[in-house]
Amino acid sequence: MSHDGVSTRAVTRSVAFLTAGVLAVPLLTGCGGADEAGKPLAGQQIAAAGRALVADGGTLRWAVDEVPDTFNAFQSDATATTTRVAQAVLPAMYRLDAEGRPQRDADYLESAKVVETEPKQVVLYRLNQQAVWSDGREIGAADFAAQWRALSGKDSAYWTARNAGYDRIEKVERGANDLEVRVTFSRPYADWRSLFSPLYPKDVMGTPDAFNDGARRKLKTTAGVFALTEVDRKKHVIRLTRNARWWGRPAKLSEIDLTAVPRAKRAAALAAGSVDLADIDPADAGRIAEAAKGTGGPLSGTGSGRTAPKALRTAMAEASAAAKAESDEYEEEGAERKARAGKKLRKAIAAWEKQQTTLQGFEVRKSLEPAYTQLAMNGENGPLADERVRRAVARALDRVELADAVLKPLGLPAAPVGSHLALSGQDAYADGSGALGDQDTAEAQALLTDAGWVAGGPVAEKKPGEKGAGPQRESESEGGDDGTYIVGDDKAPSHGKAPSSDASARAQDGKQYAKQGGAPGAYAPKGTPAPGGAAGPLAKDGKALSLRFVVPSGPGSESLRVVADRISRMLTKVGVRTEVTKVPDESYFKDHIASGQYDLALYSWPASAFPATDARPIYSKPVPAADGSLSVEQNYTRVGTDQVDQLFDQALATLDADESRSLLRKADSRIWAAAGSIPLYQRPQLTAARKNLVNAGAFGFQTPVFEDMGFLKKGAKVSPSPSAE
């Protein structure tokens, strides 16, 4: 889970079903056919090329976020880079295709199927007889058994982050020969294909000490296309080289260097020629696009003053500041001061032009990430503990407008996400938003009225330091103020105004949206009058309806802040004020989302190929802990219901794929009806790639095919990458 990034499949995923009187939701079938899944909204852009066109050899320098603290993907501090390394160097029984669906990896697995269902479910794996670890030992039942024991949850000496699925296994044993592995389950498990991917060797999984520490700093034994040969933490580089014992199609590249480069420095790294492939932010994508057109710099006639690119303006400002500091030091005046400033500016501009020339060797490949951004509503206490208020907030949102603001400027298909559990193209996807209903200002106002929030009611004076009706915490921000401004208050400071259309167009953070009627339970009781406009703040019991909207303040989260401003304006129309509080990125989740110190928040969840397993912790009903606190797992909205939990359990326990899909779609409909979280849009994926690099870029759903990546042979050409739309 991320507020502006992605996370691995190891992240797991909750909600509320309404049961009160007239707001009870009628039967929501949500059980359409598999064709409702549709196709991915955007295809991958990787400059696909046949292997015959790819040169043999070469080093790919690939920017990543960090050198991780662990290479064990099943530990709590594993990161996306941990996953990337595991994909390249370890076996996986199943990998994801371009539609986000699991497919058998024939390099490791000849077949896998359920061979018995009574009295117990038994899965028989037949392994590729050529599959061996880098030490020459065959991959076999001993490795499967060691991983099951480590991840089963039965031995607390193993410091595991999760045991989903492994806790349902009763035993793992050798089959008829060394190439067969029989896995017997104590309880039926629909998502059995999620297991043993990645698969670690028994020397990593065999003992608690080996599991806890053996794979943190290195991976001695591997079995992938590449091997992990060096981890240089001082230079922030992970070096992968060809696996000499690899039995499949040989890797085209001789080496992949995963280099830790902060997002803010990736454009500079690309311009310096120190990386060949990097996920980038929209501003950097714009800079590369301008370089490709030969524009964007001051010497081309388009880059002066306010129209110059932000990075250039920053460089010029730094040059001017440096010149001033030097002139002050040497006590220069007049012409000398002016000459020094001019020299510094010319040097900065020349450096910029040189960088732009280098960037002409790159292109931006774009798709949509297998993740979506949502509006989360904290239903633990405050106004949002009332499902009618949550529904009113949801019905006030124009999700089409929000998706357009983020994705259209990037040339990506813009459509609201219709499911909490899957994305368009994935097997479990179906648009369940009809359980809540479309944007409707009058219905939102009627719901608020039914909940007792009325315009013109008496409002008690706030006590000093009191900040709103929901969970509170001391505000944090940059720049000296408290980072809070109120939208919907005539006295709001100027920085709380809605963004201009130009600013909205820079919001860069989905099949056309088909309007659907909501189920009766998504509306206020018949006859509830809608307030006559939102001329003043709504109030109840002497308190104004004001929600604390927490957003990250970092430079990489600009799109979230623009979306938050748009949402705040939409809520103002129905009489809901928002107190927008900017907080440092590093404290956003730990101190606000996870701890429940927010009313409204924006963050992202990955879309799993196994939602019955991975989504349950996100939407399961919170339960009281022994100390009186609320145990929420990863349900940060604190909204949940027994019925949703039961649907997940049923989907997980059936081996009928159609039935499991139907149950998941029913669960999603009820999650929509509860309005604890509202999916907004699929996140954009922007990747800068050297133009002659092929079979790499914006991968979309698909697991990278490392053996096919490489650089084009001299004189070889491939067709331009298709449009992402």
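Source: prediction; values computed, not measured.

**Q** Could you give an account of the overall build of the chain, with specific residues and numbers?
**A** Each helix and strand in the chain was counted, giving 18 helices and 24 strands. Out of the 725 residues belonging to the chain, those deemed buried represent 53%. Carbon and sulfur atoms make up 50% of the accessible area of the chain, which amounts to about 30,000 Å² in all.

**Q** Residues and numbers for unusual backbone geometry, please.
**A** With an omega of 0°, the peptide bond running from glutamate 118 to proline 119 counts as cis. With respect to the secondary-structure elements, proline 119 resides in the loop between β4 (109-116) and β5 (122-127). In the segment running from serine 197 into proline 198, the intervening peptide bond is cis, with an omega of 5°. Phi at phenylalanine 196 is positive, roughly 60°, even though this residue is not glycine.

**Q** Give me the nonpolar core: which residues, what numbers.
**A** Met93, Tyr125 and Phe196 are the most contacted members of the largest nonpolar core, which has 104 residues in total. The biggest single contributor to this core is helix α2 (residues 141-151), with seven residues. In contact with tyrosine 125, not counting residues within four places along its chain, are Met93, Leu109, Ser111, Ala112, Phe144, Leu179, Glu180, Val181, Val183, Trp192 and Phe196. Core analysis: the next-biggest nonpolar cluster, separate from the first, contains 64 residues, Leu41, Ala278, Phe362 and Trp672 among them.

**Q** Requested: an account of the sheet that holds strand β15 (residues 538-540), with residues and values cited.
**A** If you trace the three strands from one edge of the open sheet to the other, you get β13-β15-β16, paired in antiparallel fashion. At either end of the open sheet lies a strand with only one pairing partner, and these are β13 (454-455) and β16 (543-544). The pairing of β13 with β15 spans two bridges and is antiparallel. Counted as the bridge partner of alanine 455 is leucine 538 from β15.

**Q** Account for the packing of aromatic side chains, naming residues and giving values.
**A** If you walk through the whole model with that rule in mind, you get 20 aromatic pairs. Both rings, one in tyrosine 603 and one in tyrosine 636, keep their centres 6.4 Å apart while their planes meet at 75°; by these two values the pair is edge-to-face. Note that tyrosine 603 is positioned in strand β19 (residues 600-606) and tyrosine 636 in the loop between β21 (630-631) and α17 (642-653), a separation of 33 residues in sequence. Clustering of aromatic rings is evident, with ring pairs tying together Phe74, Tyr94, Tyr125, Phe144, Tyr166, Trp192, Phe196 and Tyr200.

**Q** Can you lay out the packing of helix α9 (residues 387-396) against helix α11 (residues 441-450) for me, pointing to particular residues and giving the numbers?
**A** Packing of α9 against α11 leaves a shortest axis separation of 8 Å and a crossing angle of 165°. Comparing the axis directions of α9 and α11 gives the class roughly antiparallel. The interaxial crossing formed by α9 with α11 has left-handed handedness. Contact residues: α9 offers Arg388, Val389, Arg391, Ala392, Arg395 and Ala396, while α11 offers Thr441, Glu443, Ala444, Leu447, Leu448 and Asp450. Broken down by class, the residue content of the contact of α9 with α11 amounts to six nonpolar, one polar and five charged.

**Q** Go over the sheet that holds strand β6 (residues 169-174), please, and point to the residues and values.
**A** One open sheet accounts for four strands, arranged β4-β5-β7-β6; its pairing is antiparallel. Two strands bound the open sheet, and with one partner strand each, they are β4 and β6. Going from strand to strand, the sheet's axes swing by 15° on average, the running direction of each strand aside. Here β5 pairs with strand β7 (residues 180-185) via five bridges, running antiparallel. In the strand pairing of β7, tyrosine 125 is matched with valine 181. Packed onto the sheet, α2 meets β5, β6 and β7 and runs at close to 160° relative to β6.

**Q** Could you give me a rundown of the pattern of salt bridges, with the residues and numbers involved?
**A** A pair can form between side chains of opposite charge whenever their charged atoms are brought close. For the coordinates displayed, the defined rule picks out 35 salt bridges. The residue arginine 182 makes a salt bridge to glutamate 173 at a minimum N-O spacing of 4.0 Å. Among the residues examined, arginine 182 registers a relative accessible area of 23% and is labelled partly exposed. The partly exposed category is assigned to glutamate 173, whose relative accessible area is 29%. For the salt bridge of aspartate 178 with arginine 174, the shortest nitrogen-to-oxygen distance reads 2.6 Å. Each of Lys39, Glu99, Arg101, Asp427, Asp658 and Arg661 takes part in a single network of salt bridges with overlapping partners.

**Q** Got a sec to walk through helix α10 (residues 399-407)? Specific residues and values, please.
**A** Restricting attention to buried positions, one finds in α10 the residues Arg399, Leu402, Ala403, Ala405, Val406 and Leu407. Near the N-terminus of α10, the side chain that reaches the backbone nitrogen of valine 400, with its oxygen 3.2 Å away, is that of aspartate 398.

**Q** Describe the pairing of strand β8 (residues 226-232), with residues and values.
**A** Judged from the six bridges that link them, β8 and strand β9 (residues 237-242) form a sheet pairing that is antiparallel. Across the sheet, alanine 227 pairs through a bridge with threonine 241, a residue of β9. Connecting β8 to the next strand, β9, in antiparallel fashion are four residues, including histidine 236 with a positive phi near 60°.

**Q** Could you give an account of the side chain of arginine 566, with specific residues and numbers?
**A** Its location among the elements puts arginine 566 in helix α13 (residues 558-572). A polar contact of 2.6 Å, which involves the side chain of arginine 566, links it to the side chain of glutamate 401.

**Q** Which residues make up the environment of alanine 442, and what values go with them?
**A** Along the chain, alanine 442 turns up in helix α11. Look at alanine 442 and you get partly exposed, because its relative accessible area is 40%. Along the sequence, alanine 442 and alanine 392 sit 50 residues apart, while their C-alpha atoms lie 9.5 Å from each other.

**Q** I'd like to hear about the packing of α10 against α13, residue by residue, with values.
**A** Geometry of a packed helix pair, given as the angle between the helix axes and the separation of the axes. At their nearest, the axes of α10 and α13 sit 10 Å apart, and the two run at 155° to each other. By the angle between their directions, the pair α10 and α13 is classed as roughly antiparallel. For α10 against α13, the interelement crossing comes out right-handed. Together, Glu401, Leu402, Ala405 and Val406 of α10 and Val563, Arg566, Ile567 and Met570 of α13 make up the contact between the two elements. Residue composition of the contact of α10 with α13, by class: six nonpolar, no polar and two charged.

**Q** Outline helix α1 (residues 80-89), supporting the account with residue identities and numerical values.
**A** Counting buried positions along α1 yields seven of ten residues, so the element is predominantly enclosed. Looking only at α1, the buried set comprises Thr81, Thr82, Val85, Ala86, Gln87, Ala88 and Val89. Those residues of α1 that are buried lie in contact with β1 (59-64), β2 (94-96), β8, β9 and β10 (255-260). A distance of 3.2 Å separates the backbone nitrogen of threonine 81 from a side-chain oxygen at the start of α1, and that oxygen is part of threonine 79.

**Q** Let's hear about the confidence of the model for the chain: which residues, and what values?
**A** Of the residues in the chain, 78% have a pLDDT of 70 or more, and the chain-wide mean is 83. Note on residues 467-482: pLDDT is under 50 here. Beyond four places in sequence and across chains, it has 49 contacts. Confidence drops under a pLDDT of 50 for residues 490-527, and excluding neighbours within four residues, the segment shows 91 contacts in the predicted structure.

What counts as what
In every chain, residue numbers begin from 1 and rise along the written sequence. The predicted nature of this model means local features are confined to residues of pLDDT at least 70 and side-chain atom pairs, given and counted, to a pLDDT of 80 or more, with totals for whole chains, interfaces and linings taken over all residues. Calculated side-chain values reflect all of the structure's heavy atoms, with hydrogen atoms and water omitted. Under the DSSP-based scheme used, a helix requires at least four consecutive residues in state H or I and a strand at least two consecutive residues in state E, with every element numbered from the N terminus. The buried label goes to any residue with under 20% of its type's maximum accessible area, the exposed label to any with over 50%, and the partly exposed label to all in between, with areas taken from a 1.4 Å probe on protein chains only. Here the Shrake-Rupley method, with its probe set to 1.4 Å, supplies the accessible areas, and only the displayed protein chains count as covering residues. What makes a nonpolar core is a set of buried Ala, Val, Leu, Ile, Met, Phe, Trp, Tyr and Cys residues whose side-chain atoms join them at distances within 4.5 Å. Should any heavy atoms of two residues lie within 4.5 Å, those residues are counted as being in contact. Only strands joined by at least two bridges in the DSSP assignment are considered to pair. Pairing of aromatic side chains requires ring centres within 6.5 Å, counting the rings of Phe and Tyr and the six-membered ring of Trp. Pairs whose planes differ by under 30 degrees are stacked, by over 60 edge-to-face, and all others tilted. To obtain each axis, a line is fitted to C-alpha atoms, and for helices this fit is confined to the stretch in contact; angles are then taken between N-to-C directions over 0 to 180 degrees. Comment on the angle field: the value is read as roughly parallel under 35 degrees, roughly antiparallel over 145, roughly perpendicular from 65 to 115, and oblique elsewhere. What makes a crossing left-handed is the near helix being turned counterclockwise from the far one by less than a right angle; a clockwise turn instead makes it right-handed. Note on residue categories: nonpolar means Ala, Val, Leu, Ile, Met, Phe, Trp, Tyr, Cys or Pro, charged means Asp, Glu, Lys or Arg, and polar means any other residue, Gly included. Salt bridge, as used here: a side-chain nitrogen of Lys or Arg that lies within 4 Å of a carboxyl oxygen of Asp or Glu. For this analysis, a polar contact is any N or O atom pair within 3.5 Å, provided that within protein one partner can donate a hydrogen and the other can accept it, and provided that sequence-adjacent residues contribute only side-chain to side-chain pairs. pLDDT is a per-residue confidence score from the predictor, ranging from 0 to 100.

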